[in-house]
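# Overview (structure and organization)
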Amino acid sequence: METANCSLQVNRMLLDPKFESYKLSLDPLPCYTLQLDSAVAEVKLRDDQYTLDHMRAFGMYNYLHYDSWYQDRVYFVDQLGKVLNLHVTLETTLGKPNEVFRLPTDVTACDTRLCASMHFPSSSWATLSDGAGRLYLIRTGSRETSSLEKWEIMFNQELGDPFIVVHSVSFMKSDCHTVEVLLLRIEKDESDLEGSGFHVALEWVTIAHANNSDDGKYEILHRRVLHGKSVPHYAAIESVGNGLMIASYKPFSFIPDEGSHINESEEVKMEADENKAPVYTWQQTAEDSTVLVVLPEESTKEDIKVTFSPSRIDLQFKGVPSFLNGPLHAAIDHESSTWIMKDTYSLEITLLKKESLMWPELIIGDKRGEYVVDPDQSAAIAQSLMHLTSEDLNPDPDKEKPACNAQELEECDILLEDSTSLCRFSGSTRKATHVVNLGSNQYLFSVVVNPEEMPCFCLRHDVDALLWQPHSTQGEMWKHIATFNALGYVQASKQDKKFFTCAPNYSYAALCECLRRVFIYRQPTPVPTVLYNRKEGRHVGQVAKQQVTSLETNDPILGFQASNERLFVLTSKNLFVIKVNAVD
């Protein structure tokens, strides 16, 4: 399938154009401290890890891992190689973290080691990296019970250079248990003479129960590697392992497996396919799209069958159903859409759009067509944009109706990485199937809302922060599920921020600085008393609160996670639990 250029569709019902601001609340937040018996296994950057990508991937790593399958459970690894778990049911009875697993080998002797990392692909499985190049697949049993079961190693293998676990999923396929794991490395690139000298490698590993194995043995079925020039903001495997989604500043692509090659005949065929004449051409206005289909031979109306549905078109020519069919970019009025024969070799299709908007493509993923811009329409667009361009710089930005001037932008409005893209890759073809140009929609953070789905990602849209849930279905691949009003603008002013997240139920968003301070931004809630805006003299029905807490420590913050009720903050020596919401 060819790559389809897509866009994120904002749900206007989730926006609040009347939102004013966050009101600082002085209400104290209960904060409880646990002193750790052994320090967190922090791994500092080495002298040869000097690039911005090293800092993003390893220097800003979140050492605290949240179990999204069970509320209020967090995990971390200490310097003794112990995986420790804290389960909170009541803050006033906090006990010491429990040891649930211990790394079998001492990795401190490894000079190139990274931080240990883990992920929970299901309610009873975990994937773990020791930071020295070994991957573990662990059967944890049910982690819900207070008396935790013993974690059992089902697979472990050296996979080369040290890596961190980015994401993993677990599922049954053809009665075979399969675990897909995504690993990240930063490798030396001798061919990169003008850049940093490194490239980022994402390795997609498929581990499955061995065939005809009664002892529960697991083995690696596939190892696929992607290379890119920047650490991805977001990377996740689809829930059943069919695809991979990556949001990054610079693009990623699969590298060929060893020994694989494309022969000369395949290259000639690919070149010929690219030079084929288009099967159809199309034009559009904001209200409709007109498609001119070229038929391969002389035909009559009896040879043609066109079927319209609200989001799809199907054209059959002499009984061939795949001549022209597929999902349309957006919904149409299928009852009013029509088609007519232009002559014996062509027909014209008119699609009436449900919403007045311009489409980037006609049929999602179909590259057999050619978009033709109407000359009159092109001239009108150019005329409407004339005031935005000039052959000269603007020497006087203070004149009446000045052109856009960079001096008018605030520092927090300036985005350096304005070419970030979100790309979906097919696991079978290893090709990009869908691409979204995020433009100025700055990536903020990712969070797991539903553990059975991919993690959500939060983007800045104008001043707001919008939360998007990816899906593996083709119909609605990215769904806007929540909005944090004005948070895109507010967070940009926090120059010392380190971690950013939100509650799985979207009740609040939170960020922490490198040291001490934690900021909480709550969703607007009704006020219990009558409140008026003095300037406008109107009644205020709801207020969005901002709260700030300062931790009693001078150690840098190493980990930060949020549940619906609590915030967890990890330093090298302490674990803090902040009570944010009361139980309903």
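About the thresholds
Throughout this document, residue positions are counted from 1 along each chain, in the order its sequence is written. Only residues with pLDDT of 70 or above have their local features reported here, since the model is predicted, and side-chain atom pairs are shown and tallied only from 80 upward, although totals for entire chains, interfaces and linings are computed over all residues. Side-chain metrics rest on all non-hydrogen atoms present in the structure, leaving aside hydrogens and water. Here a helix means four or more residues in a row that DSSP labels H or I, a strand means two or more in a row labelled E, and each is numbered from the N terminus. The classification of residues rests on relative accessible area computed with a 1.4 Å probe and restricted to protein chains. Under 20% of the type maximum is buried, over 50% is exposed, and intermediate values are partly exposed. Contacts between residues were defined by any pair of non-hydrogen atoms, one from each residue, lying within 4.5 Å. To be clear on the numbers: accessible area is Shrake-Rupley with a 1.4 Å probe, and residue cover counts the displayed protein chains and nothing else. We call two strands paired when DSSP finds no fewer than two bridges between them. Any carboxyl oxygen of Asp or Glu that lies within 4 Å of a side-chain nitrogen of Lys or Arg is treated as forming a salt bridge with it. The rule for a disulfide is simple: a pair of cysteine sulfur atoms within 2.5 Å. Ring pairs are drawn from Phe, Tyr and Trp, using the six-membered ring of Trp, whenever the two centres fall within 6.5 Å, and their geometry is named by plane angle: stacked under 30 degrees, edge-to-face over 60, tilted for the rest. All axes here are fitted lines through C-alpha atoms, helices being fitted over the stretch that makes contact, and every angle between N-to-C directions spans 0 to 180 degrees. Side-chain atoms within 4.5 Å link the members of a nonpolar core, which is a set of buried Ala, Val, Leu, Ile, Met, Phe, Trp, Tyr and Cys residues. Directions pointing from the helix axis toward each C-beta atom define the arc. Per residue, pLDDT measures the predictor's confidence, with a range of 0 to 100. The patch calculation keeps residues exceeding 30% relative accessible area without a salt bridge and links them within 9 Å when they carry like charges or within 5 Å when they are nonpolar (Val, Leu, Ile, Met, Phe, Trp, Tyr). We define a polar contact as two N or O atoms separated by no more than 3.5 Å, with the added condition that, inside protein, one atom must be a possible hydrogen donor and the other a possible acceptor, whereas residues neighbouring each other in sequence contribute only through side-chain atom pairs.

## Examining the overall build of the chain
Across its full length, the chain carries four helices and 42 strands. The burial tally for the chain puts 47% of its 584 residues in the buried class. Sequence separation of at least 24 residues holds for 56% of the intrachain contacts in the chain that already meet a minimum separation of 6. On the chain, roughly 30700 Å² of surface is accessible, and the fraction owed to carbon and sulfur atoms is 50%.

## Points about the pairing of strand β28 (residues 432-439)
Within β28, six of the eight residues are buried, which leaves it mostly tucked inside the rest of the structure. Inspection of the sheet shows strand β1 (residues 4-6) paired to β28 by three bridges, in the parallel sense. Looking at the pairing, N5 lines up with V435 of β28. Sheet topology note: the strand β27 (residues 420-426)/β28 ladder contains six bridges and is antiparallel. Residue pairing in the sheet places F425 in a bridge with A432 of β28. Count of turn residues in the β27/β28 antiparallel hairpin: five residues, of which R430 carries a positive phi of about 60°.

## Some remarks on the pattern of salt bridges
Tallying each qualifying case throughout the model produces 21 salt bridges. With a shortest N-O distance of 3.3 Å, E42 and K44 are connected by a salt bridge. One connected set of salt bridges, linked through shared partners, spans D72, E91, E565, R566 and K579.

## Some points on the state of the cysteines
A full pass over the atoms with the stated rule returns zero disulfides. Its sulfur unpaired, C502 is 6.7 Å from the next cysteine sulfur, which belongs to C458.

## So, unusual backbone geometry
At D72, a residue that is not glycine, the phi angle is positive and equals roughly 60°. Along the chain, D72 turns up in the loop between β4 (65-66) and β5 (73-77). In this model, D462 sits at a positive phi of 60°, which is unusual for a non-glycine residue. Take D462: it is sitting in the loop between β30 (456-461) and β31 (464-470).

## Digging into the pairing of strand β29 (residues 443-447)
Across the five residues of β29, four count as buried, placing the element largely inside the fold. Pairing of β29 with β30 involves four bridges; the strand directions are antiparallel. Within β30, the position partnered with F445 by the bridge is C458.

## Section: the packing of aromatic side chains
This model, assessed by the stated rule, comprises 14 aromatic pairs. Here the aromatic rings of F120 and W151 are separated by 6.4 Å at their centres, their planes lie at 80°, and the arrangement is edge-to-face. On the criterion of sequence distance, the pair formed by F120 in the loop between β8 (117-119) and β9 (125-129) and W151 in the loop between β10 (134-139) and β11 (152-158) is long-range, its members being 31 residues apart. A single burial state applies to F120 and to W151, both of which are buried. When the ring of Y234 is compared with that of F457, the centres are 5.3 Å apart and the planes differ by 65°; the resulting orientation is edge-to-face. Residue Y234 is found in strand β16 (residues 234-237), and its partner F457 is found in strand β30; the two are separated by 223 residues along the sequence. For the pair Y234 and F457, one class covers both residues: buried.

## Quick look at the sheet that holds strand β42 (residues 574-579)
For sheets, the rule is that strands pair by backbone hydrogen bonds, running either parallel or antiparallel. The sheet built from four strands is open, its strands ordered β3-β42-β41-β40 with antiparallel pairing. Each edge of the open sheet is held by one strand with a lone partner, namely β3 (31-35) and β40 (557-562). Neighbour-to-neighbour, the strand axes of this sheet turn through a mean angle of 15°, independent of strand direction. Note that strand β41 (residues 566-571) and β42 share five bridges and pair antiparallel. In the sheet register, L567 faces β42, and the bridge partner there is I578.

## Here we look at the nonpolar core
One finds L184, F425 and L575 to be the most contacted residues of the largest nonpolar core, which totals 43 residues. The element contributing the most residues to this core is strand β14 (residues 198-209), with four residues. The next biggest cluster of nonpolar side chains, apart from the first, holds 23 residues, and it includes Y280, I304, F317 and I363.

## A look at helix α1 (residues 52-59)
Taken residue by residue, α1 has D53, H54, A57 and F58 as its buried positions. The arc that holds the buried residues of α1, viewed along the axis, is 95°, so those residues lie on one side.

## Examining the confidence of the model for the chain
Considering every residue of the chain, the mean pLDDT works out to 84; 84% of them sit at 70 or more. Taken as a whole, residues 259-274 scores under 50 in pLDDT and shows three contacts with residues more than four places along the chain or in a different chain.

## Regarding the sheet that holds β4
Read across the sheet, four strands follow the order β4-β5-β6-β7 without closing on themselves; strand pairing throughout is antiparallel. Bordering the open sheet on either side are β4 and β7 (98-102), each of which pairs with just one other strand. Of the strand pairs in this sheet, strand β6 (residues 82-87) and β7 are connected by four bridges, and their pairing is antiparallel. By the bridge assignment for β7, N85 is matched with N98.

## Considering the side chain of D53
On the secondary structure map, D53 appears in helix α1. Not counting residues up to four positions away in its chain, the partners in contact with D53 are I186, V200, K229, S230 and V231.

## Structural notes on a nonpolar patch on the surface
Together, L24, L26 and V548 make up an exposed nonpolar region whose accessible area comes to about 330 Å². Topologically, V548 is positioned in strand β39 (residues 542-550).

## Topic: the environment of E238
Secondary-structure assignment places E238 in the loop between β16 and β17 (243-248). As for E238 and V169, which are separated by 69 residues in sequence, their C-alpha atoms are 7.7 Å apart. With residues up to four places along the chain from it excluded, the contact list for E238 reads V169, G243, L244, M245, R424, M454 and S472. A polar side-chain atom of E238 sits 2.8 Å from a polar atom in the side chain of R424.

## Brief notes about the environment of Y22
Relative to the helices and strands, Y22 is located in strand β2 (residues 22-24). Between the C-alpha atom of Y22 and that of A544, which follows or precedes it by 522 residues, the distance is 5.1 Å. In contact with Y22, other than residues within four places in its own chain, are F484, N485, L487, V490, Y521, R522, A544, K545 and Q546. Separated by 2.7 Å, the side chain of Y22 and the backbone oxygen of N485 make a polar contact.

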